[in-house]
Every structure is written in structure tokens, then in C-alpha cells.
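Architecture at a glance
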Amino acid sequence: MNYNKIFSKINRALNKTEDLGKVATYISELGNVDPSKFGVHLTTINHQHYQFGDAEEKFSIQSIAKVLSLVLAYKLEGEKLWERVGVEPSGTSFNSLFQLEFNLGIPRNPLINSGALVISDILVSHLKNPKDEFIAFVRSISGNPNIDYCPRIAESEKLTGHRNAALVNLMKSFGNIKNDIDVVLDFYFNLCSIEMTCKELSGTFLFLAAYGVNPYTNERVISISKSKRVNAIMQTCGFYDEAGEFSFKVGLPGKSGVGGGIVAILPHKYSIAVWSPRLNKKGNSSKGIKFLELFTTETEISIF
Ligand code: GLN
């Protein structure tokens, strides 16, 4: 299929309507990004590449990185992981506090902030040099030694990270955070600060379209069963209180970030990354979702 042609066609259609989304400013560094940026990159499991627009420009992947920390924690901890974090969609915003109190400090899933903070705590417990070992893991699955944290973004987020501090403190009070809260928060802010281009992002997630095997190196990243479960969690929880809508419109497992990125996979076929910084009210890229909706409509393939 000539995806490049489809990309241009969809872009022409989208340019006819005004994007009313707003760039995230609660992390002040994210507010400095040009809102008109737009990039797409699709990588097939047979190593074909298709792209459009600003596909080779780095951006902050933010919560998309939560999938990668989940994968590593799941590898290290196995099924015991699910004693400390659930697998149910939250139906609440990514940084919501009230459900966590009700659920006695057990986050509904690993892709909301509270869940990713528990996953960060687990990684801090398992790894000797958590930040170094985690980024080495990301580099290994992406096959790209240049992928890195952005200290500027991590620092900026730390300055306004009061809700995340509240979440981690609440969970600590329930005994679901084992390490020092500042260490856990520092790991989490760095995790969210990772930068990638659309091309790098789609390549990094390709193993989830290939049943857990990295198609570049043929190395198994996670088992088939774990890969299935991670995809299921992306499908049901990847867009917070918009996860149902994303499934309904796009029909692929995916994950968003407040940097305006979205990655989605079609098992056995491709991984696609889209970047457009203007966010809708749920904190997901508005043009990104629209683009992917038109993409699966146009190609007539989704997981459903
Ligand atoms: N770093 C962001 C935060 O903790 C991640 C949120 C997101 O991308 N949805 O608020």
C-alpha cells in the first residue's frame, strides 16, 4: 500500500479545518514548542518506511515512555506486578487523585501518572543505576544509541510537578511506594522527558507489532503473552478518559503524550507515530487522533 499518498491526502483534508487544540503549558518548557509542527512516520515489520512533514524532528514523548517503563518492569517483576497496579481503564484524567484514594493506593492501570509512578518505584528497586539502565534499555529496543533524556524538560516538570508529588505521597501512605519519593519522582520526570522523532518512535514500538520480537535484531524483547497484554493495556488505557473514543475512532492500540505525540501499532503490520503539539481537553493530540482516524478509515484496516 502506498502510505505516502494516503498521508498527503489526509493532510490536505485536515488543513481545511482549524485545529482548536492548545499546546500543554503546565510544563513550561513544552509551551515553547511551535504548535504548527506536524509529522508522521510509519515503519512496517518488513522494514519499509513512510513519512510526512516534521517526522525527523525530536519532541518530548512524555507519557508514551510509560509503555517502555512498563515493558521493562513487567520483564523484571513478572505477574507479581499486578499486585501493585491494576489493568482497568480509569475513566479519569491522567493525573487524577480521587480514584487512588478510593482504591487504597493501587492505581487503576500503569499508563496513568499514578500507575507510572508505581512502575518507576519498581524499576528503582530493581536497577542499580535506574536512569542509566533504563535509557540503555530504550536505546537497545530502538537500535538507536542517541536516544536520551532532556534534562531541561525534566527540570521544568519538577518545578511544577505538584500533582505527581501528591500522587506519590498518597501511594506512599498506603505502602505502595517502597523507595524515597524524591528518587521515584526524579526517575519519573526523566522518563517523561525522553525525546524522539516520529521515525525513532515508530521504530522503537515496532516490537509490539511483532509479538515482542525486535524486527531489526530478531531479539525477543518480551514474551508473546506479555506483548499481548501490553497491547491490551494500550488499547484500553492508552488515552486515559478518551481511551474508548480512540478505540472507537481509530481501532488500534496506542499511547499518547502531552508533548503531542501518539504511537499506535497494527499487530503483524506496522507501527505509526504522529506528532502535533496542540492537545484536546483530555490532553491528547487533537490533530494526531483525527489523522489516525482518517488513516485507518482510508486504509480500511484496524484490529477490529
Ligand atoms: N510528564 C507528564 C505529567 O506527569 C506526562 C503526562 C502525559 O503525557 N499525559 O504530567
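Below is a summary of the structure that appears in this document. (Residues numbered from 1 in each chain as written. Predicted model: local features only at pLDDT ≥ 70, side-chain atom pairs only at ≥ 80, totals over all residues. Heavy atoms only, no water.)

1. Examining the overall build of the chain
Let me state the cut-off plainly: Each helix is a run of H or I in the DSSP string that is no shorter than four residues. Each strand is a run of E no shorter than two, and both are numbered from the N terminus. Between buried and exposed lies partly exposed: a residue is buried under 20% and exposed over 50% of the maximum accessible area for its type, with that area taken using a 1.4 Å probe on protein chains only. In this analysis, two residues are considered to be in contact whenever any of their non-hydrogen atoms come within 4.5 Å of each other. Accessible surface area values rest on a Shrake-Rupley calculation with a 1.4 Å probe, where residue burial reflects the displayed protein chains alone. Here Asp and Glu are counted as negative and Lys and Arg as positive; His is not counted, and neither are the chain ends. Every charge is mapped onto a representative atom, which is NZ of Lys, CZ of Arg, CG of Asp or CD of Glu.
Tallying secondary structure elements over the chain gives 13 helices and eleven strands in all. Each principal axis of the C-alpha atoms in the chain carries an extent, and together these give about 55 × 40 × 35 Å. Counting every position in the chain, which comprises 304 residues, the buried fraction comes to 58%. Contacts in the chain between residues at least 24 apart in sequence constitute 69% of all its contacts with a sequence separation of at least 6. For the chain, the accessible surface area stands at approximately 12,600 Å², while carbon and sulfur atoms represent 53% of it. One finds the centroid of the 33 positive side-chain charges in the chain at a distance of 4 Å from the centroid of its 30 negative side-chain charges.

2. Re the pattern of salt bridges
The criterion, for reference: Throughout this description, the term salt bridge denotes a Lys or Arg side-chain nitrogen within 4 Å of a carboxyl oxygen of Asp or Glu.
Counting across every chain of the model gives twelve salt bridges. Arg84 serves as the salt-bridge partner of Asp121, at 2.7 Å between the closest nitrogen and oxygen. Note that Asp121 is positioned in helix H4 (residues 113-126) and Arg84 in the loop between helix H2 (65-77) and helix H3 (98-102), a separation of 37 residues in sequence. For Asp121, a relative accessible area of 0% translates into the label buried.

3. A short note on the site of the ligand
Applicable threshold: Each residue is tested against the molecule or strand, and it is near if at least one of its non-hydrogen atoms lies within 4 Å. Each polar contact in these results corresponds to two N or O atoms within 3.5 Å; when the atoms are within protein, one needs to be able to donate a hydrogen and the other to accept it, and residues that are neighboring in sequence are counted only if both atoms are side-chain atoms. All amino acids are sorted into three groups, where Ala, Val, Leu, Ile, Met, Phe, Trp, Tyr, Cys and Pro are nonpolar, Asp, Glu, Lys and Arg are charged, and the leftover types, Gly among them, are polar.
As a matter of local geometry, the ligand sits amid Tyr26, Gln62, Ser63, Phe94, Asn113, Glu157, Asn164, Tyr188, Cys192, Tyr240, Gly257 and Val258. Between an oxygen atom of the ligand and a side-chain N or O atom of Ser63, the distance comes to 2.6 Å. In the environment of the ligand, a nitrogen atom lies 2.9 Å from a nitrogen or oxygen atom belonging to the side chain of Tyr240. Alone, the ligand offers 300 Å² of accessible surface; in the complex the protein occludes 99% of this. Residues of the shell around the ligand, tallied by class, amount to six nonpolar, five polar and one charged.

4. Quick notes on the environment of Tyr74
Along the chain, Tyr74 turns up in helix H2. Along the chain, Tyr74 and Tyr50 lie 24 residues apart, while their C-alpha atoms are 31 Å from each other. Every residue in contact with Tyr74, bar those within four places of it in the chain, is listed here: Glu79, Leu81, Trp82, Lys226, Arg229 and Val230.

5. Concerning the state of the cysteines
By definition, a disulfide links the sulfur atoms of two cysteines through a covalent bond. The test is simple: The disulfide criterion used throughout: a pair of cysteine sulfur atoms within 2.5 Å.
Enumeration according to the criterion identifies zero disulfides in this entry. Between Cys150, a free cysteine, and Cys192, which holds the nearest cysteine sulfur, the sulfur-to-sulfur gap is 12 Å. Overall, the relative accessible area of 4% leaves Cys150 in the buried class.

6. Let's talk about the pairing of strand S10 (residues 270-275)
Put simply, the rule reads: Between any two strands, pairing holds if DSSP finds at least two bridges.
Counting buried positions over the six residues of S10 gives six, a clear majority of the element. The two faces of S10 match: Tyr270, Ile272 and Val274 on one face and Ser271, Ala273 and Trp275 on the other face are all buried. As defined by bridge partners, strand S2 (residues 39-44) adjoins S10 across six bridges and the pair is classed as antiparallel. Paired with Val40 across the bridge in S10 is Val274. In terms of strand pairing, strand S9 (residues 261-266) meets S10 through six bridges, oriented antiparallel. Each bridged residue has a counterpart across the sheet, and for Ala264 the counterpart in S10 is Ile272. The turn linking S9 back onto S10 is made up of three residues, and His268 within it adopts a positive phi angle of 70°.

7. Here we look at the packing of H2 against H4
Note the cut-off: Axis lines are fitted to C-alpha atoms, over the contacting stretch for helices. Their N-to-C directions set the angle, which ranges from 0 to 180 degrees. Roughly parallel covers angles under 35 degrees, roughly antiparallel covers those over 145, roughly perpendicular covers 65 to 115, and oblique covers all other angles. In this scheme the handedness of a crossing depends on how the near helix is turned from the far one: anticlockwise by less than a right angle means left-handed, clockwise means right-handed.
Relative to each other, H2 and H4 sit at 45°, their axes nearing to 9 Å. On the basis of their axis angle, the class for H2 and H4 is oblique. Every pair of crossing elements has a handedness; the one defined by H2 and H4 is left-handed. Between H2 and H4, the residues in contact are Lys66, Ser69, Leu70, Leu72, Ala73, Leu76 and Glu77 and Asn113, Ala116, Ile119, Ile122, Leu123 and His126, respectively. Here the residues of the contact of H2 with H4 sort into eight nonpolar, three polar and two charged.

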